[in-house]
Amino acid sequence: MPKSDVKARALRLKDALFKTYPQATCALKHHGAFELAVATILSAQCTDERVNIVTRDLFKKYRTPRAFAEADSGELEAAIRPTGFFRNKARSIQGFSRGIIEQFGGEVPKDMDALVKLPGIGRKTANVILGTAFGLATGVVVDTHVSRLAQRMCLTKEEDPGKIEQDLMKLIPQEDWILFGHATIWHGRQICNARKPKCSECPLAADCPKIGVMAHE
DNA sequence: CTCCCGATAT
DNA sequence: ATATCAGGAG
């Protein structure tokens, strides 16, 4: 399949996504970049819905980076336990909090290279923070939903999230990167989900190479 | 590559 | 029983 065809289809899919989900935004409830960072760390292998349940109380108990940094690790682990991976996530949250206190005066840096050096922050989480909290299109958020949809729509043949992001950055105009992530994730949750995609309800079906090839509806 | 890990849908 | 959920570190 010629690359120009892939790009043209990517742009049509993007337009359809934007038309279908014009209101798409980050589903993780938060106030400011720091809370968003914590929520995104918690969102690994966990639904955003469950993260929001946990953070509702968590952000009352711990209100600042210093509060997280100085928290008893056992208490923090207990507070986030329902999100899974709770020991790793507690360690990441405290390491991230201490890192921004020591290096950035307690502020979340608006810088990809600085963010990914902090504990618990990879490219995906950094892109969420930069795009949603700061409006900076440094890259394309590639999570489990974006990976799955990019593959189903044949926008990439890669499996590594970093390589998928490189492909999407070539296919989607930079001004659309942030909304593309939000809309794609929205679509991935509501229609093109992992187990039982609702192809019969899909507004993108006309452009989907996998229509009818997916698991029986 | 493996490990971390609880909750829910199928 | 198994797959999956807004991943990242060793």
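This one's a predicted model, so the numbers in the text were calculated from it and none came from an experiment.

## A short note on empty space enclosed by the protein
Applying the stated criterion across every chain yields a total of two cavities of 30 Å³ or more. A volume near 60 Å³ is recorded for the second largest cavity. If you trace the second largest cavity, you find 13 residues lining it, with Ala150, Met153, Leu155, Phe180 and Thr184 closest to the centre. Contributions of two or more residues to the lining of the second largest cavity are made by helix H1 (3–20), helix H9 (144–152) and helix H11 (177–190). When residues in the lining of the second largest cavity are grouped by element, the largest group, four residues, is from H1.

## Quick look at helix H3 (residues 48–61)
Taking 1.5 Å as the rise per residue, H3 with 14 residues should run 20 Å; its terminal C-alpha atoms sit 20 Å apart, in good agreement. Approximately 35 degrees is the largest bend angle found in H3, and it occurs at Thr55. Buried residues of H3: Asp48, Val51, Asn52, Val54, Thr55, Leu58 and Phe59, and no others. Those residues of H3 that are buried lie in contact with helix H2 (32–42), helix H4 (65–70), helix H5 (73–80) and H11.

## Looking at the protein's contact with DNA strand C
Taken together, 26 residues sit near DNA strand C, with Gln45, Thr125, His145, Arg148 and Arg195 positioned nearest. A distance of 2.9 Å separates a phosphate oxygen of DNA strand C from a polar backbone atom of Gln45. For the surface near DNA strand C, the secondary-structure elements that each account for two or more residues are helix H8 (123–134), H9 and H11. Residue composition of the surface near DNA strand C, grouped by class: 12 nonpolar, eight polar and six charged.

## Observations concerning the protein's contact with DNA strand B
Around DNA strand B sit Gln45, Arg50, Arg81, Gly84, Phe85, Phe86, Arg87, Asn88 and Arg195, and those are all the residues in its vicinity. Between DNA strand B and the protein, one listed contact pairs a sugar or linking oxygen with a backbone N or O atom of Phe85 at 3.0 Å. The side chain of Arg195 places a nitrogen or oxygen atom 3.1 Å from a base nitrogen of DNA strand B. A total of three residues in the surface near DNA strand B trace back to one element, the largest contributor, which is helix H6 (residues 86–104). Looking at side-chain class alone, the surface near DNA strand B contains two nonpolar, three polar and four charged residues.

The rules we used
Residues numbered from 1 in each chain as written. Chains lettered and ligands numbered in written order. Predicted model: local features only at pLDDT ≥ 70, side-chain atom pairs only at ≥ 80, totals over all residues. Heavy atoms only, no water. 1 Å grid on protein atoms, 1.4 Å probe; cavity = no way out; pocket = protein on both sides within 12 Å on 5 of 7 lines; lining within 4 Å. Points joined across faces, edges and corners; volume = space filled by probe spheres on them. Helix = DSSP H or I, 4+ residues; strand = E, 2+ residues; numbered from the N terminus. Expected span 1.5 Å × (residues − 1). Bend = angle between axes of the 7 residues up to and from the residue. Buried < 20%, exposed > 50% of the residue type's maximum accessible area, 1.4 Å probe, protein only. Contact = heavy atoms within 4.5 Å. Near = heavy atom within 4 Å. Polar contact = N/O pair within 3.5 Å; in protein donor to acceptor, adjacent residues only side chain to side chain. Nonpolar A, V, L, I, M, F, W, Y, C, P; charged D, E, K, R; others polar.

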